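# Structural overview for review
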Amino acid sequence: MYTKYIKQFFDLFFATLFIILLSPLLSIVFIILLLTTKDSPIYKQDRVGQYGKIFKIYKFRTLPKNTPILVGQARVKIRNRVSPFARFLRNTSIDELPQLWNVLQGDMSIIGPRPVVPQEAKLVALRTASGAINVKPGITGLAQVKGRKKLNDRQKADYDAIYSQRISAKEDLLILILTLPIIVERDGMKKFFQKKH
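Residues numbered from 1 in each chain as written. Predicted model: local features only at pLDDT ≥ 70, side-chain atom pairs only at ≥ 80, totals over all residues. Heavy atoms only, no water.

### Focus: the pattern of salt bridges
Summed over all chains, the structure comprises seven salt bridges. A salt bridge links Asp 46 to Lys 56; its shortest N-O distance comes to 2.8 Å. Of this pair, Asp 46 sits in strand S1 (residues 42-48) while Lys 56 is found in strand S2 (residues 54-60), placing the two residues ten residues apart along the sequence. The class of Lys 56 is partly exposed, set by a relative accessible area of 44%. Among the salt bridges present, the one from Glu 96 reaches Lys 59, with a minimum N-O distance of 3.5 Å. Taken together, the positions of Glu 96 in the loop between helix H3 (84-91) and helix H4 (99-105) and Lys 59 in strand S2 put the pair 37 residues apart, joining distant regions of the chain. Considered together, Glu 96 and Lys 59 belong to a single accessibility category, that of buried residues. (Salt bridge = Lys/Arg side-chain N within 4 Å of Asp/Glu carboxyl O. Helix = DSSP H or I, 4+ residues; strand = E, 2+ residues; numbered from the N terminus. Buried < 20%, exposed > 50% of the residue type's maximum accessible area, 1.4 Å probe, protein only.)

Take a look at the structure:
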């Protein structure tokens, strides 16, 4: 049986492992941002967590300080105006890696519904209605491997509900395995490898 304690061990094990393995990358990105931005390389933002509790999420900074929180097409437009390096961090999801610390703190899991900003009220309401809000948010999840940004709120919520109803070690490992090729296939990573090879 995949109890909450086994899932906690899964989270702590993989979060620690990834921090160790990715520490050179994390350090390089931190230093580059430290040298190229006037703001802190790491920023915190309110996100909706388990049971609707608000927590602070960690991310590498890719937008200027005091950028307004936007959703939908407005968010897409402002993201298109970021620097090439910031866009690379976003396209490859490297900007999300500091969330490994959120996992160690217990606010997030490795696998679970992606944490959203409180302004995404429709998605929060859909998750609440389905019970998916009772699951810890994750760095990656079923909706991410099924389409990510191509999905609308209803589709995301449906996948979040499916995951919350069938959480298992097999499901978590499968989602974790499926996440890597999806990251590699994203535009930012593909362009990087095309230039290198």
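Picking up where we left off.
### Details of empty space enclosed by the protein
Counting across every chain of the model gives one cavity of 30 Å³ or more. In the lining of the largest cavity, the residues fall into six nonpolar, one polar and one charged. (1 Å grid on protein atoms, 1.4 Å probe; cavity = no way out; pocket = protein on both sides within 12 Å on 5 of 7 lines; lining within 4 Å. Points joined across faces, edges and corners; volume = space filled by probe spheres on them. Nonpolar A, V, L, I, M, F, W, Y, C, P; charged D, E, K, R; others polar.)

### Re the layout of surface pockets
In this structure, the second largest pocket occupies an estimated 260 Å³ of space. Here the lining of the second largest pocket takes four residues from helix H1 (residues 4-36), the largest share from any one element. Here the lining of the second largest pocket is composed, by residue class, of four nonpolar, five polar and four charged.

### Some remarks on the packing of aromatic side chains
Taken as a whole and judged by the stated rule, the model has four aromatic pairs. Ring geometry for Phe 10 against Phe 14: centres 4.7 Å apart, planes inclined by 50 degrees, an arrangement best described as tilted. Placement of the pair is Phe 10 and Phe 14 together in helix H1, with a separation of four residues, close to one helical turn. Overall, Phe 10 belongs to the buried group, its relative accessible area being 8%. (Phe/Tyr/Trp six-rings, centres within 6.5 Å; stacked < 30°, edge-to-face > 60°.)

### What to know about the pairing of S2
Of all seven residues that make up S2, five are buried, and the element is covered over most of its length. Pairing of S1 with S2 involves seven bridges; the strand directions are antiparallel. Following the sheet pairing, Tyr 43 is matched in S2 by Lys 59. Two successive antiparallel strands, S1 and S2, enclose a turn made up of five residues, where Tyr 51 displays a positive phi of approximately 60 degrees. (Pairing = 2+ DSSP bridges.)

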